[in-house]
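# Descriptive structure summary
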Amino acid sequence: MAMFSRREALKAVGGGFGWFGLASALGASATVEAPLAPKAPHFPAKAKRVVFLFLNGGISHVDSFDPKPALAKHAGKPSPIGNPKTERKTGNLMASPFRFTPRGQCGTPVSELFPQLGELMDDVCVIRSMHTDIPNHPPSLLMMNCGRNVLGTPSFGSWITYGLGAENQNLPGFVVLCPGKPSVVGAQLWGSAFLPAIYQGTHIANNEQAIDPEKLIPFLRNPSLTPQQQSKQLALLRELNREHLRARDGDAELEASIQSMEIAARMQTEALDAFDIRKETETTRERYGAHNFGRGCLMARRLLERGVRCVQVYYGAQEAWDHHADIMMHQKLAVNADRAIAAFLRDLKAAGLLDETLVLIGSEFGRTPTAEISVRQFLQNGRDHNPYGFSMLLAGGGVKGGTVHGATDDFGWYAVEKKVHVHDLHATMLHLLGFDHTKLTYHYSGRPFRLTDVEGAVVRDILA
Amino acid sequence: MCLGASDPGARFEAGVRPLLAKNCYACHTATKLGGLRVDSREALLQGGNSGPAIVPGDPDRSLLVQAIRHTHASLRMPPSGRLGDAQVQQVEAWIREGAVWPGASAGRSNPDTFWSFQPVQRPQPPPVKDAAWPRSAIDRFILAKLEQRRLSPVPEAERRVWIRRVSFDLTGLPPTPEEAAAFAADHSADAYEKVVDRLLASPRYGERWARHWLDVARYSDDVLFGEAPNFYFYRDWVIEAFNEDMPYDLFAKAHFAADLLPGVDNRKLLPALTMFVDAPTEFTDDDRVDVATRGFLGLTVQCAQCHDHKYDPIPTRDYYSLLGIFRSTRYREVPLAGPEAVDKYRAHKKAVEEREREIRDFLATESRQLAEIFAASSARYLMAAWRVLGPAKETVEASAAASKLDRELLERWILYLRSPAKQHPFLREWESLLAEGAPEARMREASEAFQTLTLQVFREHRAVEEYNNVLKYGAKTGRELGDVVGKTMPRELYMLWQELAADGNPRASDAVPDAREDGVLNFRGDKVLRFLPAAWSEHVAGMRARLAGLKKAAPPPYPYLSIIEDAPEAVDLRVFVRGNSQNLGEKAPRGFLSILKDIAPEPFTKGSGRLQLAEAIANPRNPLTARVIVNRVWAHHFGQGLVRTPSNFGQTGDRPAHPELLDYLAARFMDEGWSLKRMHREIVLSATYRAGAKFSPEAYAADPDNRLHWRYPRRRLDAEALRDSLLFVAGSLSEQRGGAPAPLDDATNDRRTIYGKISRNILDPMLTLFDFPNPNQHAEQRIPTTVPLQRLFLLNSPLIMRQGAALAERVAREEGPDPERRIRRAYQLLFQRPPWDSELHKGLDYVAPGNLWSQYAQALLASNEFLYGD
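## Quick notes on the overall build of chain A
- From N to C terminus, chain A includes 13 helices and 18 strands.
- Rg of the C-alpha trace for chain A: 23 Å, near the compact-globule value of 23 Å for 464 residues, within the 12% margin.
- Each of the three principal axes of chain A carries a C-alpha extent, and together these read 80 × 60 × 45 Å.
- With 464 residues in all, chain A has 67% of them scored as buried.

Dropping the structure here:
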């Protein structure tokens, strides 16, 4: 096997993927220059950006977007197909306490948990046949975010920024908004693993204590210099660096370093503005809601408007939607989620951005149609984790709205029709961004890696 | 190998090969089920018992395709279920295009010929034309190749540049102006040697080079799901090992078998065994195999977890042979204190916990009884509330006094009755009666009905809870509890109990957006004492005083090591077919890699096999261990290794640019007692290392990657060297060595970065920015990036502002009021040179208007000259 020179490999970065990983694996002697420069994908695509509104913890599909009349009929009775192994013991079938009605022109049924989002179903495709592998949070969160059930692979956002670079060089390419640490896995969910560190998500703890962008982003502002003082300091630095460069034959790496300082200087203004939701009107902030997820969605919109490539908004810290004991708790979260998601989609659409932004809404898995009866719970009115079947909502960027794809069985246990594994979702996400998911690779530890491991098929039915 | 292009070979690598590996290799490689192997084009053409598996160009006639389409009468593969359509189509397309198998002739690296598996040679340095240039054998290897290509090395670096380079390289810090001046003035024959010997003898050497090793060891001060108070003993042990130049073979062996090695002070080596505990989670034996094999042997053995290694001669069985060794170990804590101290600490801790529980239980019991007592007077309180809310419109005070009821409780009831958010219907009737102005008798009737129900619900809740508590007591872990079926109540009844009696949830969270008050009748903690006779309060106060006394007398927590030791029973694993632990294949007796079988031919049977593994790794006949470590050392000195994939010496890794030099170094390393310091000395005293960083268009055209070492590469300081140097030149760096880590973003932390807290969960933002590797996995090498966020750090971070101010103060203190002298001193401290006139004037102009010394100092610290080493 011939090894290509690092230089040759670097030259190929713009064209072929997979080269880049090889290039950086080959030598650490020089830095990777402009790793976030915008790159063209494999083929033209509608979606240029991705946003994942992540209802972490596991929203119940049978209570939100996958109505199961059979549950009401058989409520309190044993599940005729038995209870598949989930995290904990579950008992008899439990009807959804929430009423479903057809919404939009398309008539996609949505439960009363999401009245406002219901109005927008003509723009939304509901995949009802999602499935994943393991009924526990950490592996399923890793699968949904990083394409494997175990630690050690890059997040989807890292892959996307690696593949596409950043549209706006003055802002991070991949931003993750979560008020704290989701689950026990935390930063691994947006980590870049073996991809260069520059592709990891920039985590912003968007909690109520930190609405001021200067507190949100480290090192964004100099607390003791006025802008005038700083620009004078920058001018001095520029001159010193130029002189240093002249004495070193115009070394390309030093040149790149000087460039990055110029960008940093611009970034100080741009990022400050992008993350500042206080610049929105009172009415707008009210529409999104005065809670972490609402603020996160509003911030996400501002970032997308400014060309941030990938944004993930976690509903909350820990495992917010994880209602083992009492499914009625979904109500309290849905009030916030419904309002924020609807405002977000409406604004994106009004700004003409929805067409080129792929929006995903969903969880790492769904919940059981049966009630959990483990002694751990104070009440047996909740549902356990269900990796065998759940729903995911897609909108915008090349997705066929007003549609429902696939189905679970009569009770919502298993995906049975047109099954979509998380790998397939990832393959579709990359396809919508213009990538052949089998070719967006990175050479590491002796072999090419990719987001979809060795799996994944594009779900063509949902493409507009 | 070509991954990006769209030729059939690329499609094979990206799609078909992984697909075959995942779905077929388990049965159709060495095992050859049905006589078929599918791991080479030849094998597929030859086929198995049913004939050739593929007909290149004709998918329909290919048995392989018929089998995976499930169209063949009997062959339906894989047995676990049909592949997806897309996958089948990939295989079809591949065969249609001729079944191109890239590198078909090479296939797997051949164990008999592949370079890294061959014994280390002792090559003689080659002859060179320019006999004056070489200063060591290393240089003759380097120069011979340059001469072959008609190239020559760029001129030697000036002394100032060299001492700066070697100081950063060996200690992670720049030289002081005094050190640089002394060296410049030293015209003795061994001037360079004296500098190197001084640097290698400095404890700062270990603080620098231990960090390089900690990348290999994916060192961190915590685990993914929690804290670890004592991993730093390992970090300090590594620093010490480097500083005392522990032979690398012993260093390596200690990581596997510090407790078992004969003829050494085992206790002193024990911290090495922490490396295998200091892992992302305690369940990651896979990670242990990876760090052991990539770290020490430069082999990607974890690629063989689900199928035989596709490129190197590493069968799946080898992976499980190694995994079995780790599965035969267990976790152990080794107290670093005498048994009395340990016993005393544990006994005390237990006593404190008991006393705390005693107080908690006492108060909980009282408050629960109080709630039940109050539940039994619910009707009286409801009637009193009616007198406030109803037509009588009494004040709360008056109503409480009239009925001899507790005012606070009555206030709570009223608040509750007014709340619209009740999650049960049982007060609806009472509320509608109130609303319609019903007479007292009807209100009383409704109040009493509610009280009866409440008492019933309390009894039921108590019964459910007692039943569940018995079950909970029986199960040991949360996971086990998940499978134990408990009792429950109907939701509305439970909610009634919760709203009246449960403990509140004072802080709202994302999962529970509403904070919940304590239940109406719940007076918990000290709130209950108001309702109890004075003797009860005195009792509680007495218990608390005893607890406080006990805590005051607490013995200090004793330090301990976290290590692995042999489990009582060693286990041999079976191969997990396709990596699935539920699907077991052939036996994999504990043992060494089959490729290196002549080093350790027998299965490992002594305990877990750790000692045998250690000896096999450190065996001088092992062709990999010495090559891998000298290549790592080379890579840190020159920015790239002789092999540019330092943890992958296999087929898919790089080939050495100077195989003879690598072997010369590896052999010499072993001959000289595996001494790293001698290796450094030889390298940094070479003419190769002395070369300047000057650009040469001719050499660049011939060798743009500088693999031939025609110049020394210019490099940016890494995260540690940058932070340490900022502190050092500003005069702030602490000399304190070793001990517990402190957060790096703490303003008072002025210690070297290696002593900063490394977290697997939230990595320090500065480390992240400057390419620190993910501590959750072994890091082959760091990949430097140049990004604006780094610049923001240099412009705005508290660290740089503090050090800018400290540097300004330092030069003022040392040089007095003369601005020119201050600037000259700053240049000496940072760059070990005087400023040019133009620089001096720029500086003077900058500081003049407002005495802007801190800003000026900060600009110098943020400059490229400080950030990059020539």
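From this point on, the discussion continues.
## Here's the deal with the packing of helix H6 (residues 159-171) of chain B against helix H7 (residues 177-185) of chain B
Residues and elements named next belong to chain B.
- One way to put it is that H6 packs onto H7 with a least axis distance of 10 Å and a crossing angle of 130 degrees. Judged by the inter-axis angle, H6 sits oblique to H7. In the packing of H6 onto H7, the handedness of the crossing is right-handed. On H7, the residues that touch Arg159, Trp162 and Ile163 of H6 are Glu179, Ala180, Phe183 and Ala184.
- A class-by-class count of the residues in the contact of H6 with H7 yields five nonpolar, no polar and two charged.

## A short note on a negative patch on the surface
- Residues Glu429, Glu436, Glu445 and Glu448 of chain B make up a contiguous surface patch of negative charge.
- Its place among the elements puts glutamate 429 of chain B in helix H19 (residues 428-435).

## Some remarks on helix H13 (residues 285-297) of chain B
Residue and element names in this part refer to chain B.
- Here H13 spans 17 Å end to end across 13 residues, near enough to the 18 Å set by a 1.5 Å rise per residue.
- The buried fraction of H13 amounts to 12 of the 13 residues, a majority that puts the element mostly inside the structure.
- Note on H13: the residue one or two positions beyond its end, glycine 298, has a positive phi of about 65 degrees.

## Describing the packing of aromatic side chains
- The full count for this structure, using the stated rule, is 60 aromatic pairs over all chains.
- Judged by centre distance (6.2 Å) and plane angle (50 degrees), the rings of phenylalanine 156 of chain A and phenylalanine 174 of chain A are tilted. Taken as a pair, phenylalanine 156 of chain A in helix H6 (residues 156-164) and phenylalanine 174 of chain A in strand S6 (residues 174-177) lie far apart in primary sequence, 18 residues in all.
- The exposure class of phenylalanine 174 of chain A is buried, given its relative accessible area of 2%.
- Look at tyrosine 162 of chain A and tyrosine 442 of chain A: their rings are 5.6 Å apart centre to centre, the planes differ by 80 degrees, and that puts the pair in the edge-to-face class. Of this pair, tyrosine 162 of chain A sits in helix H6 while tyrosine 442 of chain A sits in strand S17 (residues 441-444), and the two are 280 residues apart along the sequence. Like tyrosine 162 of chain A, the residue tyrosine 442 of chain A is buried in the burial classification.
- Lying over the aromatic face of tyrosine 846 of chain B, lysine 232 of chain A brings its terminal NZ or CZ to 4.6 Å of the ring centre.
- Cation over ring: lysine 487 of chain B sits above tyrosine 467 of chain B, and NZ or CZ is 4.3 Å from the ring centre.

## Quick word on the nonpolar core
- Residues Trp213 and Phe256 of chain B are the most contacted members of the largest nonpolar core, which totals 126 residues.
- When residues no more than four places from it in sequence are discounted, the contact partners of tryptophan 213 of chain B are Tyr234, Val238, Phe242, Tyr248, Phe251, His255, Phe296 and Ile629 of chain B.
- Listed in part, the 120 residues of the second largest apolar core include Ile341 of chain A together with Ile758, Val811 and Leu867 of chain B.

## Describing empty space enclosed by the protein
Residues and elements named next belong to chain B.
- Using the criterion set out here, one finds 12 cavities of 30 Å³ or more in the structure.
- Looking at the lining of the largest cavity, the elements with two or more residues in it are H6, helix H9 (203-216), helix H25 (625-638), strand S7 (715-716) and strand S8 (868-869).
- If you tally residues by element for the lining of the largest cavity, the top one is H6, at six residues.
- Class assignment for the residues of the lining of the largest cavity results in 14 nonpolar, eight polar and 17 charged.

## Here's the deal with the sheet that holds strand S10 (residues 366-372) of chain A
Residues and elements named next belong to chain A.
- Spatially, three strands are ordered S2-S10-S11 in an open sheet, and the strand pairing comes out antiparallel. Two strands in the sheet have a free side with no partner beyond their single neighbour: strand S2 (90-93) and strand S11 (383-386). Averaged over all pairs of adjacent strands, the angle between their axes in this sheet comes to 60 degrees, without regard to strand direction.

## Concerning helix H8 (residues 191-201) of chain B
Residues and elements named next belong to chain B.
- Among all positions of H8, only Ala191, Tyr192, Val195, Val196, Leu199 and Leu200 are buried. Taken down its axis, H8 places every buried residue within 165 degrees of arc, on the same side.
- Next to the buried residues of H8 lie H6, H7, H9, helix H27 (676-684) and helix H28 (687-690).

## Comments concerning the environment of proline 196 of chain A
- Looking at the secondary structure, you find proline 196 of chain A in the loop between S6 and strand S7 (202-204).
- A relative accessible area of 4% places proline 196 of chain A in the buried class.
- Setting aside its immediate chain neighbours within four residues, proline 196 of chain A contacts Tyr442 of chain A together with Ile783 and Thr785 of chain B.

## Details of the packing of helix H9 (residues 252-274) of chain A against helix H32 (residues 788-796) of chain B
- Relative to each other, H9 of chain A and H32 of chain B sit at 70 degrees, their axes nearing to 8 Å. Judged by the inter-axis angle, H9 of chain A sits roughly perpendicular to H32 of chain B. Seen from H9 of chain A, the contacting residues are Ser257, Ser260, Met261, Ile263, Ala264, Met267 and Gln268 of chain A; seen from H32 of chain B, they are Pro788, Leu789, Arg791, Leu792, Leu795 and Asn796 of chain B.
- The class makeup of the residues in the contact of H9 of chain A with H32 of chain B is eight nonpolar, four polar and one charged.

## Quick word on the interface of chain A and chain B
- With 107 residues of chain A in contact, the opposing surface of chain B contributes 106 residues.
- Buried area between chain A and chain B, summed over both chains or domains, comes out near 9,400 Å², and the portion from carbon and sulfur atoms is 58%.
- At the junction of chain A with chain B, the criterion picks out five salt bridges.
- Linking aspartate 870 of chain B and arginine 248 of chain A is a salt bridge whose minimum nitrogen-to-oxygen distance equals 2.7 Å.
- Put simply, chain A and chain B have 23 residue pairs in polar contact (both at pLDDT 80 or more) between them.
- At the level of secondary structure, the elements contributing two or more residues to the side of chain A that touches chain B comprise helix H1 (6-11), helix H2 (19-26), helix H8 (227-246), H9, helix H12 (329-350), S17 and strand S18 (447-450) of chain A.
- At 12 residues, the largest contribution of residues to the side of chain A that touches chain B is made by H8 of chain A.

What counts, and where the lines are drawn
- Residues numbered from 1 in each chain as written.
- Chains lettered and ligands numbered in written order.
- Predicted model: local features only at pLDDT ≥ 70, side-chain atom pairs only at ≥ 80, totals over all residues.
- Heavy atoms only, no water.
- Helix = DSSP H or I, 4+ residues; strand = E, 2+ residues; numbered from the N terminus.
- Rg over C-alpha atoms; globule rule 2.2 N^0.38 Å.
- Buried < 20%, exposed > 50% of the residue type's maximum accessible area, 1.4 Å probe, protein only.
- Axes fitted to C-alpha atoms, helices over the stretch in contact; angles between N-to-C directions.
- Parallel < 35°, antiparallel > 145°, perpendicular 65-115°, else oblique.
- Left-handed = near helix turned anticlockwise from the far one by under 90°.
- Contact = heavy atoms within 4.5 Å.
- Nonpolar A, V, L, I, M, F, W, Y, C, P; charged D, E, K, R; others polar.
- Patch = residues over 30% accessible without salt bridge, like charges linked within 9 Å, V, L, I, M, F, W, Y side chains within 5 Å.
- Areas by Shrake-Rupley, 256 points an atom, 1.4 Å probe, with all protein chains shown as cover.
- Salt bridge = Lys/Arg side-chain N within 4 Å of Asp/Glu carboxyl O.
- Lys, Arg positive; Asp, Glu negative; His and termini not counted.
- Charge placed at Lys NZ, Arg CZ, Asp CG, Glu CD.
- Expected span 1.5 Å × (residues − 1).
- Phe/Tyr/Trp six-rings, centres within 6.5 Å; stacked < 30°, edge-to-face > 60°.
- Lys NZ or Arg CZ within 6 Å of the ring centre and 35° of its normal.
- Core = buried A, V, L, I, M, F, W, Y, C linked by side-chain atoms within 4.5 Å.
- 1 Å grid on protein atoms, 1.4 Å probe; cavity = no way out; pocket = protein on both sides within 12 Å on 5 of 7 lines; lining within 4 Å.
- Points joined across faces, edges and corners; volume = space filled by probe spheres on them.
- Pairing = 2+ DSSP bridges.
- Arc of directions from axis to C-beta.
- Buried area = accessible area lost by both parts, 1.4 Å probe.
- Polar contact = N/O pair within 3.5 Å; in protein donor to acceptor, adjacent residues only side chain to side chain.

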